[in-house]
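Descriptive structure summary
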Amino acid sequence: MRVLVVEDEPKMRMLLRRALTEEGYAVDVAADGPQALALADAATFDAVVLDVMLPGLDGFDVCTRLRRRGKRVPVLMLTARDAIADRVRGLDGGADDYLTKPFSLEELLARLRALIRRGPAERPAVLHAGDLRLDPATRTVTRGETEITVTGKEYALLEALIRRPGNVLTRERLIEHCWDLATSPYSNVVDAHIKALRDKIDRPFGTTTIETVRGAGYRLRRDGGRPTSPARTP
Ligand code: CA
């Protein structure tokens, strides 16, 4: 079993390397994010122990980039702060587990064994409509090479639509998917969010991905809404 340890503090890095080597793991170490990504490209690891507090590219960035490169290796994040926001950010960014510093080596080893037993996570398929991409694993939206920042609700709406391309979804159906029971299905909440979404995924690109179907609801175009080339005049 091969483990990559990413930690900038030399003492902690050596301690982890020694402890894991004694457990029988083959251990490679990286002192920063770029080095970690280079090693992850060069070799296949069974797990990564990733410190969040790294200079430059931090542990969150490293994890997100690993996932974007299609690496599904289990990641155990080491976080210095016991802040819920940090843990959530780590898990949302594709980490599989986390441990708050200071931690006991026994616990680290136990969690690592559990992660390796589970193996790489099943990755949900990336959803496409033309050059519009939605990645459920990282909850990111991209158009071509451009990453688009969307809110949680906008993401949820777009996911509901892109999972049923070409189908008309009523406002009631979208509310059912994306809002809680307290939201009145007669509110214009859907329209407001669709407008915000169009301002992000369509307007800057000159596309019409989300179509309004009058009296019915909304429909997402399979082709991602690329404008068709202008009709030739005979
Ligand atoms: Ca550190």
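What to know about the domain arrangement of the protein
- Taken as a whole, the protein is organised into domain 1 (2-118) and domain 2 (127-227).
- In this structure, domain 1 and domain 2 have C-alpha centres spaced 35 Å apart.

Remarks on the pattern of salt bridges
- For the coordinates displayed, the defined rule picks out 21 salt bridges.
- R111 serves as the salt-bridge partner of D97, at 2.9 Å between the closest nitrogen and oxygen. Here D97, found in strand 5 (residues 97-100), pairs with R111, found in helix 5 (residues 105-118); they are 14 residues apart in sequence, far enough to count as distant.
- By relative accessible area, R111 is classed as partly exposed at 26%.
- Taken together, the salt bridges that share partners define one network made up of E7, E9, D51 and K101.

Side note on the coordination of the calcium ion
- For the calcium ion, the protein coordination sphere consists of E7 (OE), D8 (OD), E9 (OE), D51 (OD) and M53 (O), at 2.0 to 2.7 Å.
- The sequence motif formed by the donor residues of the calcium ion is E-D-E-x41-D-x1-M. Here E9 is found in the loop between strand 1 (2-6) and helix 1 (10-22), whereas its partner M53 is found in the loop between strand 3 (47-51) and helix 3 (59-68), with 44 residues between them in sequence.
- By relative accessible area, which is 39% here, E9 ends up partly exposed.

With respect to the sheet that holds strand 7 (residues 132-135)
- The strand order 6-7-8-9 describes an open sheet built from four strands, whose pairing is antiparallel. Every interior strand has two partners, whereas the edge strands, strand 6 (127-129) and strand 9 (146-148), have only one. In this sheet, adjacent strand axes meet at a mean angle of 25 degrees when their direction is disregarded.

Notes on the side chain of E159
- Within the secondary structure, E159 is located in helix 6 (residues 152-162).
- Its relative accessible area of 17% is what places E159 among the buried residues.
- With near-sequence residues (within four places) excluded, E159 lies in contact with L127, L134 and P136.

Let's talk about the sheet that holds strand 2 (residues 26-30)
- Sheet architecture is open: five strands sit in the order 2-1-3-4-5, paired in parallel fashion. Of all strands in the sheet, those bounded by a partner on one side alone are strand 2 and strand 5. Across the sheet, the mean angle from the axis of one strand to that of its neighbour is 20 degrees, orientation sign disregarded.
- Bridging between strand 3 and strand 4 (residues 75-79) involves four bridges; their strand directions are parallel. By the bridge assignment, L50 is partnered in strand 4 with M77.
- Along the sheet, helix 3 makes contact with strand 3 and strand 4, crossing strand 4 at roughly 165 degrees.

With respect to the packing of helix 7 (residues 171-178) against helix 8 (residues 189-201)
- Where helix 7 meets helix 8, the closest approach of the two axes is 10 Å, and the angle between their N-to-C directions is 80 degrees. Classified by the angle between their axes, helix 7 and helix 8 sit roughly perpendicular to one another. Between helix 7 and helix 8, the contacting residues are R171, L174 and I175 on the first element and V189, V190 and D191 on the second.
- Across the contact of helix 7 with helix 8, the residue classes break down as four nonpolar, no polar and two charged.

So, the environment of R221
- Of note, R221 is situated in the segment after strand 12 (217-220).
- Overall, R221 belongs to the partly exposed group, its relative accessible area being 24%.
- Residues R221 and I210, spaced eleven residues apart in sequence, show a C-alpha to C-alpha distance of 6.5 Å.
- Each residue touching R221, except ones within four places of it in the same chain, is listed here: A129, T208, T209, E211 and R226.
- A distance of 2.8 Å separates a polar atom in the side chain of R221 from a polar atom in the side chain of D223.

Rules behind the numbers
- Residues numbered from 1 in each chain as written.
- Predicted model: local features only at pLDDT ≥ 70, side-chain atom pairs only at ≥ 80, totals over all residues.
- Heavy atoms only, no water.
- Domains from an automatic or database assignment.
- Salt bridge = Lys/Arg side-chain N within 4 Å of Asp/Glu carboxyl O.
- Helix = DSSP H or I, 4+ residues; strand = E, 2+ residues; numbered from the N terminus.
- Buried < 20%, exposed > 50% of the residue type's maximum accessible area, 1.4 Å probe, protein only.
- Donors = N, O, S within 2.8 Å, 3.2 Å for Na, K, Ca; no water.
- Pairing = 2+ DSSP bridges.
- Axes fitted to C-alpha atoms, helices over the stretch in contact; angles between N-to-C directions.
- Contact = heavy atoms within 4.5 Å.
- Parallel < 35°, antiparallel > 145°, perpendicular 65-115°, else oblique.
- Nonpolar A, V, L, I, M, F, W, Y, C, P; charged D, E, K, R; others polar.
- Polar contact = N/O pair within 3.5 Å; in protein donor to acceptor, adjacent residues only side chain to side chain.

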